[in-house]
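Understanding the architecture of this molecule
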Amino acid sequence: MLLYPKEYLKNVKEITIEKLRKNNIKALILDVDNTLIDLDKNLLEGVKEWCEDLKKQGIKFYILSNTNKKEKVKKVAEDLEVPYINFAKKPLKGGFKKIQKELEIENSIEIGVVRRSNIYRYNRC
């Protein structure tokens, strides 16, 4: 599976409900390192509030990380109250397909993938 950036952003918090609605995105798959946490493993300032706000507006979230450090991913997921998969083996599509099924989103084009402040569209292969 190849994912190409549709947009480059300085910070994940620049993803607004307006951008998501404009692109018919109903769910976001998020990476952890350099997307939700900094190099010191601290949740980026304002990310929790950003996530809560988008959830209130109907956006679903899931964390998909390649790291084998389960506790790191688990802590971020618990802080944001979202499900997660660690050691995902991206870009293999297994994790993406599992998330699509769990989130009950029929059309994969309605899922955005966010990695290092780039936003991608997940397209079914």
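Fair warning: this is a prediction, and the values are worked out from it, not measured in the lab.

1. Thoughts on the overall build of the chain
Across its full length, the chain holds four helices and six strands. Along the chain, from the amino end to the carboxyl end, the secondary structure elements read β-α-β-α-β-α-β-α-β-β. Counting over 125 residues, the chain shows a buried share of 42%. For the chain, the proportion of contacts with a sequence separation of at least 24, taken over those separated by at least 6, is 64%. Looking at the chain as shown, the accessible area adds up to about 7,400 Å², and 48% of this sits on carbon and sulfur atoms.

2. Notes on the side chain of Glu110
Relative to the helices and strands, Glu110 is located in the loop between helix H4 (94-102) and strand S5 (111-115). On the basis of relative accessible area, Glu110 is assigned to the buried category, the value being 12%. Apart from residues lying up to four places away in sequence, Glu110 is in contact with Asn24, Ile25, Lys26, Ala27 and Ile105.

3. As for the pairing of strand S2 (residues 27-30)
Judged by which residues are buried, S2 turns out to be covered on both faces: Ala27 and Ile29 on one side and Leu28 and Leu30 on the other are all buried. Alignment of S2 against strand S3 (residues 60-64), held across four bridges, turns out to be parallel. Bridged to Ala27 within S3 is Lys60. The parallel pair S2 and S3, bridged by helix H2 (residues 47-56), forms a crossover whose chirality is right-handed. Note that S2 and S5 share four bridges and pair parallel. Within S5, the residue paired with Ala27 across the bridge is Ile111.

4. Brief notes about unusual backbone geometry
Despite not being glycine, Asn24 shows a phi value in the positive range, around 55 degrees. One can find Asn24 in the loop between helix H1 (17-22) and S2. With phi around 50 degrees, Phe87 is a residue other than glycine that occupies positive phi space. Secondary-structure assignment places Phe87 in the loop between strand S4 (84-85) and H4.

5. Here's the deal with H4
If you check which residues of H4 are buried, you get Gly95, Phe96, Ile99 and Gln100. For H4, the arc enclosing every buried residue in end-on projection is 135 degrees, short of the 170-degree limit, so these residues lie on one face. Contacts made by the buried residues of H4 are with S2, S3, S4 and S5. Downstream of H4 by one or two residues, Glu104 has phi in the positive range, about 55 degrees.

6. Comments concerning the environment of Pro91
Structurally, Pro91 can be placed in the loop between S4 and H4. Considering only alpha carbons, one finds Pro91 and Asn66, 25 residues apart in sequence, at a separation of 9.2 Å.

7. Some thoughts on the nonpolar core
Counting 24 residues, the largest nonpolar core has Ile15, Leu28, Leu30, Trp50, Leu54, Phe61 and Ile63 as the members making the most contacts within it. Elements that contribute at least two residues to this core include exactly H1, S2, H2, S3 and helix H3 (70-80). Within the second largest apolar cluster, 12 residues are counted, among which are Tyr62, Ala88, Phe96 and Leu103.

8. Regarding the confidence of the model for the chain
As a general rule, the predicted coordinates of low-pLDDT regions are not to be interpreted in detail. For the chain, per-residue confidence averages 87 on the pLDDT scale, and 89% of positions sit at 70 or higher. Mean pLDDT values over the elements of the chain span from 58, in strand S6 (residues 118-121), up to 98, in H2.

So, how was this worked out
Residues numbered from 1 in each chain as written. Predicted model: local features only at pLDDT ≥ 70, side-chain atom pairs only at ≥ 80, totals over all residues. Heavy atoms only, no water. Helix = DSSP H or I, 4+ residues; strand = E, 2+ residues; numbered from the N terminus. Buried < 20%, exposed > 50% of the residue type's maximum accessible area, 1.4 Å probe, protein only. Contact = heavy atoms within 4.5 Å. Areas by Shrake-Rupley, 256 points an atom, 1.4 Å probe, with all protein chains shown as cover. Pairing = 2+ DSSP bridges. Right-handed = clockwise from strand over helix to strand, strands pointing away. Arc of directions from axis to C-beta. Core = buried A, V, L, I, M, F, W, Y, C linked by side-chain atoms within 4.5 Å. pLDDT = per-residue confidence, 0-100.

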